[in-house]
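The primary structure of each chain is shown beneath.
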Amino acid sequence: MDGAGSFGAGRASSAFDLIAFIKQPQTILRVLAWIFSMVVFASIINEGYVNMGSERLHCVFNKNADACNYGITIGIVAFLACVFFLALDVYFPQISSVKDRKRAVLLEMVFSGFWTFLWFVGFCFLASQWSSTSSKELPLAQASDAARAAIAFSFFSILTWAGLTVCAVQKFLLGTDMTLFTSEHVAAQEPKQPYPSNDVIGQTTIPVNAYQSPPLIETVETRPPGYKIPPAF
């Protein structure tokens, strides 16, 4: 697995590749979630309140202040969370401890899943209150676009945060797959050399058969001068 490390990150202290980082699905979803959350809370803050001829402002969602407050709150928190996790994504490959990486992935997975649920609740809440809003009670002409934008981008936020949850789960499963660590560890190790023989360094190994003495054969050439064959009894 080329360039892969624990929990989907490269080896620690590796060079940061900006182009590859931008092309990651997780980065794209993070930026979209950041934009969508900004649209939701900005629409409600700027045009989500209407004036009915008095100084008091009413929430455009059926005069329910809780609906506006809920949309603003989850939008601002999601906006800040996207900035935080985007910075964490940049720093993540530099984390050398596997335990710290696991904690970061678990935090991202839990938060993304929880915020997906909150966006779903927010979408249902805003849509329900908007459907109950009457034009006889509120001048909807000046705030209808903002209300529809908040509802629409709340729905889009559900999709983006659900995608971020899936990415976090994949990173967690990748980190718990110990075959990744094994393959990377084996690939990084140099092949072991065989144990050296007991021979002295620099000498050539001599076969055992070479130490066997030749059979004792007496020849005329091997007999000393003046040697006489003893008589046989």
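Above: the structure in question.
Residues numbered from 1 in each chain as written. Predicted model: local features only at pLDDT ≥ 70, side-chain atom pairs only at ≥ 80, totals over all residues. Heavy atoms only, no water.

Let us now look at the side chain of His 58. For His 58, the location among the structural elements is in strand E2 (residues 57-59). Given a relative accessible area of 15%, His 58 falls into the buried group. In this structure, His 58 is in contact with Gly 48, Tyr 49, Val 50, Met 52, Lys 63 and Leu 138, ignoring residues within four places of it in sequence. (Helix = DSSP H or I, 4+ residues; strand = E, 2+ residues; numbered from the N terminus. Buried < 20%, exposed > 50% of the residue type's maximum accessible area, 1.4 Å probe, protein only. Contact = heavy atoms within 4.5 Å.)

Moving on, we come to the nonpolar core. Ile 44, Val 60, Phe 61, Trp 115, Trp 119, Trp 130 and Trp 161 are the most contacted members of the largest nonpolar core, which totals 39 residues. Elements supplying a minimum of two residues to this core: helix H2 (25-47), helix H3 (65-91), helix H4 (98-131) and helix H5 (144-176). If sequence neighbours within four positions are ignored, Val 60 has contacts with Gly 48, Cys 68, Trp 130, Thr 133, Leu 138, Leu 140, Ala 143 and Ala 147. (Core = buried A, V, L, I, M, F, W, Y, C linked by side-chain atoms within 4.5 Å.)

This brings us to the packing of aromatic side chains. Within this structure, the stated rule accounts for 14 aromatic pairs. Ring centres 5.3 Å apart and planes at 25 degrees place the aromatic pair Trp 34 and Phe 79 in the stacked group. Here Trp 34 is found in helix H2, whereas its partner Phe 79 is found in helix H3, with 45 residues between them in sequence. A residue is classified by how much of its surface remains accessible, and Trp 34, at 31% relative accessible area, is partly exposed. Seen from their ring centres, Phe 36 and Phe 153 are 5.5 Å apart, and the 55 degrees between their planes marks the pair as tilted. Taken together, the residues Phe 36 in helix H2 and Phe 153 in helix H5 connect sequence positions 117 residues apart. Classification of Phe 153 by relative accessible area gives partly exposed; the value is 23%. Pairwise contacts between aromatic rings join Phe 84, Phe 85, Phe 111, Phe 114, Trp 115 and Trp 161 into one cluster. Lying over the aromatic face of Phe 92, Arg 101 brings its terminal NZ or CZ to 5.5 Å of the ring centre. One residue, Lys 171, lies across the ring of Phe 92, its end atom 4.5 Å from the ring centre. (Phe/Tyr/Trp six-rings, centres within 6.5 Å; stacked < 30°, edge-to-face > 60°. Lys NZ or Arg CZ within 6 Å of the ring centre and 35° of its normal.)

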